[in-house]
Amino acid sequence: MGIRFFLVSLLLAAGCAPRPAPQPAWTFEPVLTPQQSGTDALFIGVSVVDEAVVWLSGTGGTFARTLDGGATWQAGTVPGADSLQFRDVEAFDAQTAFLLSIGNGDQSRIYHTTDGGATWALRFTNAEPEAFFDCMDFWDARHGLAFSDSFDGAFRIIRTDDGGRTWAPIPSEDLPPATEGEGSFAASGTCLVTVGEAAAYVGTGAGAAARVLRTTDRGRTWTTHPTPIVGGTATSGIASLTFRDPQHGAALGGEIGAPNAFADNVAVTDDGGRTWRPGARTPFPGAVYGAAYVPGAPQPTLVAVGPGGAAVSTDDARSWAPLDSLTYWSAGFASPRAGWIVGPGGRVVKVSLYRRP
């Protein structure tokens, strides 16, 4: 013990700290494992806290939570919300989460729990009959945004700075004007994504073109950026956004109204969302509803899901490989070995993409 300490001391004195033992390399080896959610609701949103804690949201006012990586799930219904569709869930830990329901007028709501779903507080009820909220995201436990389809030529984005207790609209004059019918798709709760400490992105559809709205100052100012994703109809555009770091991200969607067709449904950026270039089309037909980068993967790994199936790219959407042909709505990952894809009938599948020897 004394000799080892002496040698380490000499190395440190010489400016040569001992190197940590190299970690075994990841091996790409996809494994899909169905899990029992305890409900037959359509799951639409997924929020992965870590490899153990995951929250889900869905139809019939349903939410679900696991604390053991999906070995067991606890499903429940928010009291008084059994007629609502929770299209988005954003969780911070095993106890704290937000749910967003969709619909015109007071059907768009935000609920909040701080006790693991035992009780829920209604934090926001939309009072504008024509507004329809699609998605939300948070920079941290106090600051977040929620996005609504446009009406009267203007988008509606609300912001919280007090942990979701109150929400205030961003003035319409501070937002880009919307084209006729432009909004987004509440397909997986990922049409809005926050990145870093102050950036956020919204993917649009159903308007003149598929665009990305971008802010770098927590919503005070916004710019718009065109994408090559198919657009121009009421059922085409961007449904999901995901970033692997502040510069590199992907926008995915397509033609929701053509479930058996293939279209330009993927775009990528390497300059923080200023410009977007085409990615390869996914191997399954129809639109992408949800997508997620895999944190910690040895290559830029992206998973996309939709009614036509699930696929994975390990080269930043230059090419894709099929994962499954079942219907999925959303995806989320904690690590290369722990992710979840969800869909109808209470479907929850754990996805391990890489293993260490």
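In this text the structure is predicted, and so the values were computed from the model without any measurement.

1. Digging into the sheet that holds strand S15 (residues 199-203)
Taken together, four strands build an open sheet; the order of strands is S14-S15-S16-S17 and the sheet is antiparallel. Pairing within the sheet leaves two strands with one partner each, and these edge strands are strand S14 (192-195) and strand S17 (223-226). Each adjacent strand pair in this sheet contributes to an overall mean axis angle of 25 degrees, direction not counted.

2. Some thoughts on the packing of aromatic side chains
This model, assessed by the stated rule, comprises 14 aromatic pairs. When the ring of Trp-55 is compared with that of Trp-120, the centres are 6.3 Å apart and the planes differ by 90 degrees; the resulting orientation is edge-to-face. Of this pair, Trp-55 sits in strand S3 (residues 54-58) while Trp-120 sits in the loop between strand S8 (109-113) and strand S9 (121-125), placing them 65 residues apart in sequence. Residue Trp-55 shares its accessibility class with Trp-120, and that shared class is buried. Between the aromatic rings of Tyr-201 and Phe-243, the centroid separation amounts to 4.4 Å while the plane-to-plane angle is 20 degrees, which identifies the pairing as stacked. Taken together, the residues span a long stretch of sequence, with Tyr-201 in strand S15 and Phe-243 in strand S18 (residues 236-243) at a distance of 42 residues. Through successive ring pairs, a cluster of aromatic residues spans Phe-92, Phe-98, Phe-138 and Trp-167. The ring of Phe-151 carries the charged tip of Arg-156 above its face, separated from the ring centre by 4.0 Å.

3. So, the nonpolar core
One broad rule of soluble globular proteins: the nonpolar side chains tend to lie buried together. Core analysis: the biggest nonpolar cluster contains 16 residues, and Val-303, Val-305, Phe-333, Ile-341 and Leu-353 have the highest contact counts within it. The greatest single-element share of this core, amounting to four residues, is contributed by strand S28 (residues 348-355). Apart from the residues within four sequence positions on either side, Leu-353 is in contact with Thr-27, Phe-28, Glu-29, Pro-30, Val-294, Thr-301, Val-303, Val-312, Leu-323, Phe-333, Pro-336 and Arg-337. Formed by 15 residues, the second largest nonpolar core is a distinct cluster that contains Cys-135, Ile-170, Leu-192 and Ala-200.

4. Regarding the side chain of Thr-282
On the secondary structure map, Thr-282 appears in the loop between strand S21 (277-278) and strand S22 (290-293). A residue is classified by how much of its surface remains accessible, and Thr-282, at 2% relative accessible area, is buried. A polar contact of 2.9 Å, which involves the side chain of Thr-282, links it to the side chain of Asn-265. Every residue in contact with Thr-282, bar those within four places of it in the chain, is listed here: Phe-262, Asn-265, Val-266, Val-288, Ala-304 and Trp-320.

5. Quick word on the pattern of salt bridges
Oppositely charged side chains are able to pair whenever their charged atoms sit close together. Inspection of every chain in the model, using the stated rule, returns nine salt bridges. For Asp-316, the salt bridge identified is with Arg-244, shortest N-O distance 2.9 Å. Of this pair, Asp-316 sits in the loop between strand S24 (309-313) and strand S25 (321-324) while Arg-244 is found in the loop between S18 and strand S19 (249-255), placing the two residues 72 residues apart along the sequence. Accessibility expressed as a relative area gives 10% for Asp-316, which makes it buried. In this structure Arg-244 comes out as partly exposed when scored by relative accessible area, which is 34%. Taken together, the salt bridges that share partners define one network made up of Arg-244, Asp-245 and Asp-316.

6. As for the pairing of S18
Counting buried residues along S18, eight of its eight residues qualify, which places the element largely inside the surrounding structure. Two elements, S18 and S19, share seven bridges in a ladder whose sense is antiparallel. From the neighbouring strand, Ile-238 faces S19, where its bridge partner is Gly-253. Counted along the chain from S18 to the antiparallel partner S19, the turn is five residues long.

7. Here's the deal with unusual backbone geometry
Positive phi, close to 60 degrees, is recorded for Arg-218, a residue that is not glycine. The topology assignment puts Arg-218 in the loop between strand S16 (211-215) and S17. One non-glycine residue, Ala-317, adopts positive backbone phi at about 70 degrees. Secondary-structure assignment places Ala-317 in the loop between S24 and S25.

8. Some points on the confidence of the model for the protein chain
Predicted confidence across the protein chain gives a mean pLDDT of 94, with 94% of residues reaching 70 or more. Here residues 1-15 scores under 50 on pLDDT; set against residues more than four positions off or in separate chains, the count is three contacts.

9. A few points about the sheet that holds strand S26 (residues 330-335)
Within a sheet, neighbouring strands are paired by backbone hydrogen bonds and run either parallel or antiparallel to one another. In spatial order, the strands read S1-S28-S27-S26; together these four strands make up an open sheet with antiparallel pairing. Two strands close off the open sheet at either side, each with one partner strand: strand S1 (27-35) and S26. Between one strand and the next, the sheet's axes are offset by a mean angle of 20 degrees, whatever the strand orientation. As judged from the four bridges shared by strand S27 (residues 338-342) and S28, these two strands associate in the antiparallel manner. By the bridge assignment, Ile-341 is partnered in S28 with Val-349.

Parameters at a glance
- Residues numbered from 1 in each chain as written.
- Predicted model: local features only at pLDDT ≥ 70, side-chain atom pairs only at ≥ 80, totals over all residues.
- Heavy atoms only, no water.
- Pairing = 2+ DSSP bridges.
- Helix = DSSP H or I, 4+ residues; strand = E, 2+ residues; numbered from the N terminus.
- Axes fitted to C-alpha atoms, helices over the stretch in contact; angles between N-to-C directions.
- Phe/Tyr/Trp six-rings, centres within 6.5 Å; stacked < 30°, edge-to-face > 60°.
- Buried < 20%, exposed > 50% of the residue type's maximum accessible area, 1.4 Å probe, protein only.
- Lys NZ or Arg CZ within 6 Å of the ring centre and 35° of its normal.
- Core = buried A, V, L, I, M, F, W, Y, C linked by side-chain atoms within 4.5 Å.
- Contact = heavy atoms within 4.5 Å.
- Polar contact = N/O pair within 3.5 Å; in protein donor to acceptor, adjacent residues only side chain to side chain.
- Salt bridge = Lys/Arg side-chain N within 4 Å of Asp/Glu carboxyl O.
- pLDDT = per-residue confidence, 0-100.

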